[in-house]
Amino acid sequence: MAPVTDVSASRTRIGVLGGTFDPIHHGHLAAASEVCAALRLDQVLIVPTAVQPFKRDSVSASKEHRVAMCEKAVRNDARFEVSTVDIDRGGVTYTVDTLRDLKAQYPSADFFFITGADSLARLSEWKDAEQLGELAQFVGVTRAGHSFPQLETTHRVVEAPSLAISSTDIRRRVRAGVPIRYLMPASVVDYISKHELYLGGLDD
């Protein structure tokens, strides 16, 4: 009798971290790294959105700048790669479309969509929510010692280092002339300075 082949063992395990990344910072990267290690992923795709459904008017940097900052942020980590699948599609970005397109690009991969545990608790409200479980396993990220909503048993929760960093705060710090170094990779800080990003009007 021929030996039984474990098909799942030969499939690539890919994490997907989407967001506006306006700009990307160490909080994003730490969460992605923690999930990558905890779930033994082969790769994590950093996927800048074109336009998020709930942030249609709040993106400050252009898509080209956001992609460039992501590429600079991950260029020294072989586990990470930037995917422009949402940028290339254009329009409002919905997770179901992201995963469908990635499935077409990586037919032999299993996907793990990384998001905040609080967002994961509202997964039923996402577009075509009933189809999402067929496209990826969803992974909620929470801070160590932080309580999170009760989730379905099919979802995973990973504790990540607590980094009180937000893109909104970074943009405000830039406008105020307050240092942002050490909140993100130095290459991203230098890029923001070189291109004079985030010097416009205040965030809401």
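Since this is a predicted model, take the numbers as computed values, not measurements.

> I tried to follow the side chain of Ser83 on my own but got confused; where do I start?
Of note, Ser83 is situated in the loop between strand 3 (80-82) and helix 3 (85-89). A polar atom in the side chain of Ser83 sits 3.3 Å from the backbone nitrogen of Val85. Contacts of Ser83, omitting those with residues within four sequence positions, involve Leu45, Ile46, Val47, Pro48 and Leu102.

> Please explain the pattern of salt bridges as it appears in this structure.
Side chains carrying opposite charge are able to pair once their charged atoms draw close together. Applying the stated rule across the entire model yields nine salt bridges. Taking the shortest distance from any N to any O, the salt bridge between Asp86 and Arg89 comes out at 2.9 Å. In this pair, Asp86 and Arg89 are both assigned in helix 3, three residues apart and thus about one turn of the helix distant. When the shortest N-O distance is used, the salt bridge between Asp101 and Arg89 registers 2.8 Å. Linking Asp101 in helix 4 (residues 95-105) with Arg89 in helix 3, this pair joins segments that are twelve residues apart in sequence. Overlapping salt bridges, with partners in common, bring together Asp97, Arg100, Lys127 and Asp128 in one network.

> Explain the environment of Phe138 here, please?
Positionally, Phe138 belongs in strand 5 (residues 137-143). For the pair Phe138 and Gly116, spaced 22 residues apart in sequence, the C-alpha to C-alpha distance is 10.0 Å. In this structure Phe138 touches Thr95, Leu99, Phe113, Leu120, Leu123, Trp126, Leu132, His155 and Arg156, once residues within four positions along its chain are discounted.

> What should I look at first to understand the packing of aromatic side chains in this one?
Between two aromatic rings, the relevant description is the distance of the centres plus the angle of the planes. Scanning the model with the defined rule gives four aromatic pairs in all. Where Tyr106 meets Phe111, the ring centres are 6.3 Å apart and the plane angle is 75°; that geometry is what we call edge-to-face. By relative accessible area, which is 24% here, Tyr106 ends up partly exposed. Here Phe111 falls in the buried class, since its relative accessible area comes to 3%. Considering the side-chain rings of Phe113 and Trp126, the 6.2 Å spacing of their centres and the 80° angle between planes classify their relative orientation as edge-to-face. Separated by 13 residues along the polypeptide, Phe113 in strand 4 (residues 109-116) and Trp126 in the loop between helix 5 (117-120) and helix 6 (129-135) bring together distant segments of the chain. Judged by relative accessible area, which is 22%, Trp126 ranks as partly exposed.

> What exactly am I supposed to notice about the pairing of strand 4 here?
Look at any regular strand and the pattern is simple: side chains alternate between the two faces of the sheet. Of all eight residues that make up strand 4, six are buried, and the element is covered over most of its length. Judged from the six bridges that link them, strand 1 (residues 12-19) and strand 4 form a sheet pairing that is parallel. If you follow Gly15 over to strand 4, its bridge partner there is Phe112.

> I'm lost on the confidence of the model for the chain in this one. Help?
Atom-level detail of predicted coordinates should not be read off regions where pLDDT is low. Overall, the prediction assigns the chain a mean pLDDT of 88, with 84% of residues at 70 or greater. Below a pLDDT of 50 lies the segment residues 1-7, which in the model reaches zero contacts outside its immediate sequence neighbourhood of four places, other chains included.

> Is there a simple way to think about the nonpolar core in this case?
Among soluble globular proteins, nonpolar side chains are generally buried collectively. Counting 40 residues, the largest nonpolar core has Ile24, Val35, Val44, Ile46, Met69, Ile180 and Ile192 as the members making the most contacts within it. Counting residues in each nonpolar core, the second largest holds 18 residues, with Val96, Ala109, Leu123 and Ala136 among its members.

> Would you mind going over the environment of Leu41 with me for this structure?
Tracing the backbone through its elements, the reader meets Leu41 in the loop between helix 1 (26-38) and strand 2 (43-48). Spatially, the C-alpha atoms of Leu41 and Ile14 are 5.8 Å apart, while their sequence positions differ by 27 residues. Setting aside chain neighbours within four positions, we find Leu41 in contact with Arg13, Gly15, Val35, Cys36 and Phe112.

> Explanation requested: the pairing of strand 1 in the structure shown.
Bridge count between strand 1 and strand 2: six bridges; the pairing is parallel. Residue pairing for strand 2: Leu17 is matched across the bridge by Ile46.

> Would you take a moment to explain helix 2 (residues 63-74) for this structure?
Given a rise of 1.5 Å per residue, twelve residues ought to cover 16 Å, and the 17 Å separating the end C-alpha atoms of helix 2 matches this to within 8%. Inspection of helix 2 places Arg66, Val67, Ala68, Met69, Cys70, Ala73 and Val74 among the buried residues, and these make up the whole buried set. Contacts made by the buried residues of helix 2 are with helix 1, strand 2, strand 3, helix 3 and helix 8 (186-194).

Conventions we followed
Residues numbered from 1 in each chain as written. Predicted model: local features only at pLDDT ≥ 70, side-chain atom pairs only at ≥ 80, totals over all residues. Heavy atoms only, no water. Helix = DSSP H or I, 4+ residues; strand = E, 2+ residues; numbered from the N terminus. Polar contact = N/O pair within 3.5 Å; in protein donor to acceptor, adjacent residues only side chain to side chain. Contact = heavy atoms within 4.5 Å. Salt bridge = Lys/Arg side-chain N within 4 Å of Asp/Glu carboxyl O. Phe/Tyr/Trp six-rings, centres within 6.5 Å; stacked < 30°, edge-to-face > 60°. Buried < 20%, exposed > 50% of the residue type's maximum accessible area, 1.4 Å probe, protein only. Pairing = 2+ DSSP bridges. pLDDT = per-residue confidence, 0-100. Core = buried A, V, L, I, M, F, W, Y, C linked by side-chain atoms within 4.5 Å. Expected span 1.5 Å × (residues − 1).

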